[in-house]
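# Observations on chain architecture
Spelled out from the first residue to the last, the chains are:
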Amino acid sequence: MPEGHTLYRLARDLDAAYRGTQPEATSPQGKFAAGAALLSGRTFVHATSWGKHLFAEFDGDACLHVHLGLIGTFTIDEHAYVGEVPVVGQVRLRLATDAHVADLRGPNLCAVITPEQVEAVTARLGPDPLRPDPDPDLAWRGISRSGRTVAELLMDQSVLAGVGNVYRSEVLFRQRIDPFRPGKELRRSSWDAIWLDLVDLLPLGVATGKIVTVAEQVEQVRSELAEGQVDPLTARTSYVYKRQGEPCRVCGSRIRTREVAGRNLFWCGRCQRRR
Ligand SMILES: [Zn+2]
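Residues numbered from 1 in each chain as written. Predicted model: local features only at pLDDT ≥ 70, side-chain atom pairs only at ≥ 80, totals over all residues. Heavy atoms only, no water.

A metal bound by six donors in octahedral fashion has ideal angles of 90 or 180 degrees, whereas one bound by four tetrahedral donors has an ideal angle of 109.5 degrees. Every protein donor of the zinc ion is listed here as C248 (SG), C251 (SG), C268 (SG) and C271 (SG), and their distances to the metal cover 2.3 to 2.4 Å. Coordination at the zinc ion comes from 4 donor atoms whose angles at the metal span 99 to 115°, giving a geometry best classed as tetrahedral. (Donors = N, O, S within 2.8 Å, 3.2 Å for Na, K, Ca; no water. Tetrahedral: all angles 85-135°; square planar, octahedral: opposite > 155°, others 65-115°.)

Okay, here's the thing in structure tokens:
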């Protein structure tokens, strides 16, 4: 499932392609014909993301709300011309100008909503480390009162928005936190460390399009960012994610896995022992 950095990049790219234009909106698949008709010809004002939700604001208080879910994609074809980009697969929504065609396929959710409804959606979401001025205290209030494990809580979008299965496993490893520790037994300093790590790591995901968590790659991408040029990473590496059975990069123990909150959690039983 796309995590928050992917939605952030998507909002940024849609903004760059469509801001100030009046795209023609259609639903080649037909499932979103009424919604597309509502948007078509309106001026695209601004796109933003909050966690895994995308909001594209059009004039006249119409907002496109998209959640990609597990399999959804929203691809932007640059240098395209209307009519010249064939419809491939089940395209729920196409946004077309004479310069760009964007196709949304397989979303979990695609709707036209009002600004009030946008507020109602975001009010139910926890802070997103990529948003301007997010409030980590809000997440801490939810975590510190909960008997659920920190591995479950990090995936709960009403607690913390944007973190998915890869970042949760990797950040808990980076901070050497036992993933099965209940939220109410987590120290405030541990939460602060998780939050600051996410604030630090997510922009690297935005810059590269990949989840960067292993120290050497983090350093590499950081120095490239400082120089203003980020090379595409050839391979994604991780500390624990999808490394079950392989030796921990720090202590050599075998990485373990178990399903938590519907997705496979990965961790090192030795490095992440309860202290
Ligand atoms: Zn280890």
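There's plenty left to go through after this.
Moving on, we get to the domain arrangement of the protein. Assigned domains of the protein: these are domain 1 (4-123) and domain 2 (136-268). For domain 1 and domain 2, the distance between their C-alpha centroids amounts to 29 Å. Taken together, the contact between domain 1 and domain 2 spans 9 residues of the former and 15 residues of the latter. Both sides of the domain 1 and domain 2 interface together cover about 780 Å² of buried area, and 64% of this is carbon and sulfur. Run the count over domain 1 and domain 2 and you get 0 salt bridges. Broken down by element, the residue count for the side of domain 1 that touches domain 2 peaks at 5 residues, all from helix α1 (residues 4-18). (Domains from an automatic or database assignment. Contact = heavy atoms within 4.5 Å. Buried area = accessible area lost by both parts, 1.4 Å probe. Salt bridge = Lys/Arg side-chain N within 4 Å of Asp/Glu carboxyl O. Helix = DSSP H or I, 4+ residues; strand = E, 2+ residues; numbered from the N terminus.)

Strand order across the open sheet formed by 4 strands is β2-β3-β4-β8, with antiparallel pairing between neighbours. Both edges of this open sheet fall to β2 (44-50) and β8 (109-113), since each of them pairs with a single strand only. If you compare each strand with its neighbour and ignore which way they point, the axes differ by 15° on average. Looking at chain direction, β2 and strand β3 (residues 53-58) are connected through 6 bridges and run antiparallel. Looking across to β3, one finds that H46 is bridged to E57. Sitting on the sheet, α1 is in contact with β2 and β3, with an inclination near 175° to β2. (Pairing = 2+ DSSP bridges. Axes fitted to C-alpha atoms, helices over the stretch in contact; angles between N-to-C directions.)

The next thing to look at is the sheet that holds strand β7 (residues 100-105). A sheet is described by the order of its strands in space; here 4 strands give the open sequence β1-β6-β7-β5, paired in antiparallel fashion. Each of the sheet's edge strands pairs with one partner strand only, and the pair in question is β1 (24-26) and β5 (73-78). Adjacent strand axes in the sheet meet at a mean angle of 15° when their direction is disregarded. Where β1 meets strand β6 (residues 91-96), 3 bridges bridge the pair, whose relative direction is antiparallel. Across the sheet, A25 pairs through a bridge with L95, a residue of β6.

Our focus in this paragraph is the nonpolar core. Counting 43 residues, the largest nonpolar core has L160, L186, W191, I194 and L198 as its most contacted members. Those elements that provide at least two residues to this core are α4 (136-144), α5 (150-155), α6 (165-174), α7 (188-208), α8 (215-227), β9 (255-260) and β10 (263-268). Among the elements that line this core, the one with the most residues is α7, at 8 residues. In contact with L186, not counting residues within four places along its chain, are W140, I143, V150, I177, R181, W191 and I194. (Core = buried A, V, L, I, M, F, W, Y, C linked by side-chain atoms within 4.5 Å. Buried < 20%, exposed > 50% of the residue type's maximum accessible area, 1.4 Å probe, protein only.)

What follows is about helix α3 (residues 115-123). Of the residues making up α3, those classed as buried are V118, V121 and T122. Angularly, the buried residues of α3 cover 90° about the axis, an arc narrow enough to put them on a single face. Structural note: α3 exposes E116, E119 and A123 on the side pointing more than 90 degrees away from its buried face. Of the surrounding elements, those touching the buried residues of α3 are β2, β3, β4 (62-67) and β8. (Arc of directions from axis to C-beta.)

Burial of β7 is extensive: 5 of the 6 residues sit out of reach of the surface. Examined bridge by bridge, β5 and β7 share 6 bridges and lie antiparallel to one another. Looking at the pairing, T73 lines up with R105 of β7. Where β6 and β7 come together, 5 bridges link them in antiparallel fashion. Residue pairing across strands places L95 opposite A102, the latter belonging to β7.

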